[in-house]
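Remarks on the overall topology
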Amino acid sequence: MTLTAEEWTAMLLSLKVAAVAVVFSLPVGIAVAWLLSRREFWGKTLLNGLVHLPLIMPPVVTGYLLLITFGRKGSVGAFLESWFGLVFSFRWTGAALAAAVMGFPLLVRSIRLSMDAVDRRLEAAAATLGAPPPYVFVTVTLPLILPGIAAGAILAFAKAMGEFGATITFVSNIPGETQTLASAIYTYTQVPGGDVAAMRLTLISIAISFAALIASEVLARRLAARMGEG
């Protein structure tokens, strides 16, 4: 199970991509979950559908949409590059963006379900005492939904670690830059004698994903138990 330098690079890049994807999508995920759980507005069903669309749409389609939107010639991509020097296409930052998009539905769904389970009478009581809505959210709602946030973040991380279709379509498969574990496995399956390396990375991917699922369950239970004690 000794990894080569290239395999270590792919694994570390996958961890970096997944971590960045979760960190930057978490605030947006909390905000979207709050909108879907707490507000009624025109287009709510449409927003909910757009959030969950990456789950049912072919990942290659998601990657292609990211390419034509955030690529160097895309409307958003060209603007970000010219004004902020931020490039996504064929960069590891693009892999993080693709991973964030693919894991976003799992993140939002977990947080929203946790938010739906919160007793709104607690929020109403805090508001009655004069607390402004942001203060109510930070002091009442947020602590109660921590299990959902933790579970959603870990599931999104696991999804990001295993993302392949959208990533390879958007940022290609460049060793040392965009080649994650999933794309490295694909590469090894295409070359003679690469079966051993592919199996090695496959076992590592399974171990990381399984550990993430267990951690999500354990952390959610512990946080829920701690909230119950409080």
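Here the structure is shown first, and the text comes after it.
Let us look at the structure shown here. (Residues numbered from 1 in each chain as written. Predicted model: local features only at pLDDT ≥ 70, side-chain atom pairs only at ≥ 80, totals over all residues. Heavy atoms only, no water.)

1. Some points on the overall build of the chain
Where we set the bar: Helix numbers and strand numbers start at the N terminus; a helix is a DSSP run of H or I with at least 4 residues, a strand a run of E with at least 2. Remark: exposure states derive from per-residue accessible area (1.4 Å probe, protein chains only) relative to the maximum for the residue type, with buried under 20%, exposed over 50%, and partly exposed in between. Residues are treated as being in contact if the distance between any of their heavy atoms lies within 4.5 Å. The Shrake-Rupley method, run with a 1.4 Å probe, gives the accessible areas here. Residue values count only the displayed protein chains as cover. For this count, His and the chain ends are skipped, Lys and Arg are scored as positive, and Asp and Glu as negative. Each charge is placed at NZ for Lys, CZ for Arg, CG for Asp and CD for Glu.
The helix and strand tally for the chain stands at eleven helices and zero strands. Counting from the amino terminus, the chain carries its helices and strands in the arrangement α-α-α-α-α-α-α-α-α-α-α. By its C-alpha atoms, the chain is 70 × 40 × 30 Å across when sized along the principal axes. Here the chain holds 230 residues, and 42% of them are scored as buried. Put simply, of all contacts in the chain between residues at least 6 apart along the chain, 72% involve residues at least 24 apart. A total of about 12500 Å² of accessible surface is found on the chain, and carbon and sulfur atoms cover 70% of it. Taken as two groups, the 16 positive and 12 negative side-chain charges of the chain have centres that lie 6 Å from each other.

2. Examining helix 8 (residues 146-162)
Stated precisely, the cut-off is as follows: Multiplying 1.5 Å by the helix residue count minus one yields the expected span of that helix.
Between the first and last C-alpha of helix 8 there are 25 Å, a value that for 17 residues agrees with the 24 Å anticipated at 1.5 Å per step. Burial within helix 8 is extensive, with twelve of its 17 residues counted as buried.

3. Quick look at the packing of aromatic side chains
The following threshold applies: The criterion for an aromatic pair is that two Phe, Tyr or Trp rings (for Trp, the six-membered ring) have centres within 6.5 Å, with stacked assigned to planes under 30 degrees apart, edge-to-face to planes over 60 apart and tilted to the rest.
Per the counting criterion, the structure on display carries four aromatic pairs. Residues Phe79 and Trp83 carry aromatic rings whose centres are separated by 6.1 Å and whose planes lie at 35° to one another, so their mutual orientation is tilted. Of the two residues, Phe79 and Trp83 are both situated in helix 4 (residues 75-84); the distance of four residues between them amounts to about one turn of the helix. Residue classification places Trp83 among the exposed residues on the basis of a relative accessible area of 65%. Judged by centre distance (6.0 Å) and plane angle (75°), the rings of Phe79 and Phe84 are edge-to-face. For Phe84, a relative accessible area of 61% corresponds to the exposed category.

4. Considering the side chain of Ser114
Along the chain, the position of Ser114 falls in helix 5 (residues 92-116). The residues contacting Ser114, other than those within four sequence positions of it, are Leu144, Ile145 and Gly148.

5. Let's talk about the pattern of salt bridges
Put simply, the test is: Each reported salt bridge corresponds to a side-chain nitrogen of Lys or Arg within 4 Å of a carboxyl oxygen of Asp or Glu.
Taken as a whole, this structure holds six salt bridges when the rule is applied. With a closest N to O distance of 3.1 Å, Arg38 and Glu123 form a salt bridge. Here Glu123 lies in helix 6 (residues 120-128) and Arg38 lies in helix 1 (residues 5-38), a separation of 85 residues in the sequence. Here Arg38 and Glu123 have matching classes, each one buried. Note that Glu81 and Arg72 form a salt bridge whose closest N and O atoms lie 2.5 Å from each other.

6. Quick notes on unusual backbone geometry
Even without a glycine there, the phi angle at Phe90 is positive, about 60°. Note on placement: Phe90 falls in the loop between helix 4 and helix 5. A relative accessible area of 42% means that Phe90 is categorised as partly exposed. In this model, Ser172 sits at a positive phi of 65°, which is unusual for a non-glycine residue. Assessed through its relative accessible area of 28%, Ser172 is described here as partly exposed.

7. Side note on the packing of helix 5 against helix 8
Short version of the rule: Every angle, taken between N-to-C directions, lies between 0 and 180 degrees, and every axis is a line fitted to C-alpha atoms, over only the stretch in contact when it is a helix. Angle categories: roughly parallel below 35 degrees, roughly antiparallel above 145, roughly perpendicular from 65 to 115, and oblique for all the rest. Whether a crossing is left-handed or right-handed is set by the direction in which the near helix is turned from the far one by less than a right angle, anticlockwise for left-handed and clockwise for right-handed. In the scheme used here, Gly and all other residues not listed as nonpolar or charged are polar, with Ala, Val, Leu, Ile, Met, Phe, Trp, Tyr, Cys and Pro taken as nonpolar and Asp, Glu, Lys and Arg as charged.
Packing of helix 5 against helix 8 leaves a shortest axis separation of 8 Å and a crossing angle of 160°. The angle between the axes of helix 5 and helix 8 places the two elements in the roughly antiparallel class. Judged by the twist between their axes, the crossing of helix 5 over helix 8 is right-handed. For the pair formed by helix 5 and helix 8, the contact residues are Ala99, Met102, Gly103, Leu106, Leu107, Ser110, Ile111 and Ser114 on the first element and Gly148, Ile149, Ala151, Gly152, Ala153, Leu155, Ala156, Lys159 and Ala160 on the second. Split by residue class, the contact of helix 5 with helix 8 holds eleven nonpolar, five polar and one charged.

8. Side note on the nonpolar core
As a reminder, the rule being used: What we call a nonpolar core is a set of buried Ala, Val, Leu, Ile, Met, Phe, Trp, Tyr and Cys residues that are connected through their side-chain atoms within 4.5 Å.
Val17, Phe170, Leu181, Leu201 and Ile204 are the most contacted members of the largest nonpolar core, which has 30 residues in total. The residues touching Leu201, leaving out its near neighbours within four places in the chain, are Leu3, Glu7, Leu181, Ala184, Ile185 and Tyr188. Membership of the second largest hydrophobic core comes to 16 residues, among which are Val22, Ile30, Phe104 and Val108.

Distances and angles like these do not, on their own, reveal function.
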